[in-house]
Each structure stands twice: as C-alpha cells, then as structure tokens.
Amino acid sequence: MKNVTILGVPMDLGAGKRGVDMGPSAIRLASLVKRLQSMGKIVEDRGNIHVPVGLNRDNEAMKYREEVLTACRSLAEEVYKIYQEDSFPLILGGDHSIAMGSIAGLARKEPEMGVIWIDAHADFNSNTTSPSGNIHGMPLAVSCGIGDPEFVDIGTPGRKIDPKRVVVVGARDIDMGEVVLLRQHGVKVYTMEEVDLYGIQHIMQEAMQYLEKNCSCLHVSFDMDAIDPSEAPGTGTPVRGGLTYREAHFIMKYISTYGNFVTSLEVVEVNPILDIQNKTAELAVELIESAFGKRIMYYSDIDELD
Ligand SMILES: NC(=[NH2+])NCCC[C@H](N)C(=O)O
Ligand SMILES: [Mn+2]
Ligand SMILES: [Mn+2]
C-alpha cells in the first residue's frame, strides 16, 4: 500500500516512568515523514491523539485507569477511520498500553487479524496478576479478552484477537502470572533463548508462516525495548540480552516481504528523557523504513515503484 497515515499517541500513563509521552515528537524529529516520502510513500501526518493529563493514580492495580481508558478509546476510533480510508495506519507511541486502542480499532474491521508482538516483555498481565499496576504490562492480554472488562470492551464489546493468532518475539522478562496465562491461552512465544538456538531467520520464517496460515491480515506491534539496551537506551523498562541491531532490522525486512498481508504498524516505548541524542528514536525510524521494505540497492528516483 502506498498511502500511510501517521498518528501519534503522546501517552506515558501506562508506564512506570514518565517521559515516553514525548516519543511521537522524537520520532518525528528523526525525519520520519521525509524518509517515508523518499521511499515513494504518500504520507499524511494526522498529528496526535488527545491524551488526558494524569491526575488520578488512586487505582493501584491499574494506575491512571480512567485516563488510559479514555485515550485508548479515542485511538480506537481514529485508527478505525484510517483503516476505512484504505490507508496504512502507522501509530507512534507512547507507552505500550496504546496497543489496546490500536488493536481495538483494527479488529473492528478485521476480526480475524493476527498480531506479531516484538518485545522484551509479553505484556500479558491482567489487572490481578500485574506486579506493578502499570497498564503497559497488560495490553496484549486485554486485546485477547483477559482483564478489566471495560478495557476488553474498548471500541466494540468483547475480545479483539484470538490468542492463537498472536506471536511474541524477543521476550526475556515474563512474570509468573503471565507465563500461566500465555500457556493457558496458547500464545506462541519465541523468547531470546529460541533466538539464540535457532537464529532469527528460522524464527521469523516459522512465525510468519503460522500467522499467514491462521490470520486474515497482520498488525505489527514493535516495542523498542525488544532491542538490546546498548542500541536502544531510550526505553523505560530495559532488559539486557535483547535483539541486535541487525536482528531487529531483519525482523522488519522479513515482515515487509509479506506485502499487503501486513496492514498496520505501531512503534512504542521511545522515551526521549532516557535516550542518548535521540538514538532510539532514530533507530525507530530506520526500523519503520525496513518494515516498509527499504532496500540498500534501491532509490525511488531511479527505480520503478511497486
Ligand atoms: N510495555 C512494557 N515495556 N511493559 C513492561 C512490563 C513490565 C512488567 N511485566 C509489568 O507488568 O509491569
Ligand atoms: Mn511492551
Ligand atoms: Mn517491553
């Protein structure tokens, strides 16, 4: 698809550390629009979703519950609109709780869609298993229908994705309660141990084959903390032993070979306060380029557009 619509979600209320609300600005500053245009894409930047100021942290099991709920509801609405216009939604976070909104918007049109969740974490806590009460540890579970019913019902009533249509890649920090839930619901998880054992190419082949067989289309949810903190220092919950720079690019390039099967992308957890000279935001833009099929031996000025 040639048309891309960008939507920023300046929210940090789902995270334990402040500052990831500035992620969309940092990613834009790294010339996102210009770089996608020079790949031959028709890009519209629709600005940011309104996110309420966090005033209510009383709910210890789900911090800033009302604010996050409100923001995700408006995100679901906006993403659905972009999808209706037949454009490719590119969503910029923000903490990962925004995925509940994106997925709710997408699933309204594509109930049989799949999700590839590239992350150091599984974000599969419910409000009762979460050790932190930070909602960014819950969005994948919520999207699979697990947790606070008001969150499960964002956009449309009920669960948005079948957990059997979900693949997690890059995980290395999963809470005990999450392990129980992930197993119960049959989510496919490729941890970093599997990346060590089989290599990223094998894992991506297997993952994408599985998703293509079982899903109508694919949403890519990329948490920047999937990458090793030495390459992506600007994230709030860094975990050592992550994807290398090349592995992260490989994942995105491999996904891009699936063409129109891939219908949306979000990149989350870029925290400029913790970053070093916008390095993580710049990497985010590079990875977005790879996801849209950027090739080393290709320039839109000299080559035909496909
Ligand atoms: N999107 C993220 N960075 N999530 C981190 C979650 C960390 C931990 N599992 C929790 O529930 O709090
Ligand atoms: Mn995450
Ligand atoms: Mn994470």
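Once a new chain begins, its residue numbering starts again from 1 and follows that chain's sequence as written. Following the order in which they are written, the chains are lettered starting with A and the ligands numbered starting with 1. A pLDDT threshold of at least 70 governs which residues receive local features in this predicted model, and a stricter bar of 80 or more applies before side-chain atom pairs are shown or counted, although totals over entire chains, interfaces and linings include all residues. To get the side-chain values, take all heavy atoms of the structure and skip hydrogens and water.

Caption draft 1: Structural view of the pairing of strand 6 (residues 188-191). Here, any two strands with at least 2 DSSP bridges between them count as paired. A run of H or I in DSSP counts as a helix once it spans at least four residues, and a run of E counts as a strand once it spans at least two, with each numbered from the N terminus. Looking at chain direction, strand 5 (residues 166-171) and strand 6 are connected through four bridges and run parallel. What sits directly across from V168, in strand 6, is V189. Looking down the strands as they point away from you, a crossover is right-handed if its path from the first strand over the helix to the second goes clockwise. Where the polypeptide runs from strand 5 across helix 7 (residues 176-185) and back to strand 6, its parallel neighbour, the crossover connection is right-handed.

Caption draft 2: Local environment of the sheet that holds strand 2 (residues 42-48). Taken together, the eight strands give an open sheet; going across it, the order is 2-1-3-8-7-4-5-6, and neighbouring strands pair in parallel fashion. Across the chains shown, the open sheet's two edge strands, defined by having one partner strand only, are strand 2 and strand 6. Between one strand and the next, the sheet's axes are offset by a mean angle of 15°, whatever the strand orientation. Judged from the three bridges that link them, strand 3 (residues 88-93) and strand 8 (residues 262-268) form a sheet pairing that is parallel. When the sheet's bridge partners are listed, I91 is paired in strand 8 with E266. Interaxial angles span 0 to 180 degrees and are taken between N-to-C directions of axes, which are lines fitted to C-alpha atoms, for helices over the stretch in contact.

Caption draft 3: How the structure looks around unusual backbone geometry. In this chain, G93 is followed by G94 through a cis amide linkage whose omega measures 10°. Residue placement: G94 occurs in the loop between strand 3 and helix 4 (99-109). Despite not being glycine, S31 shows a phi value in the positive range, around 65°. Summarising the element assignment, S31 is placed in the loop between helix 1 (23-29) and helix 2 (32-37). In this model, N278 sits at a positive phi of 60°, which is unusual for a non-glycine residue.

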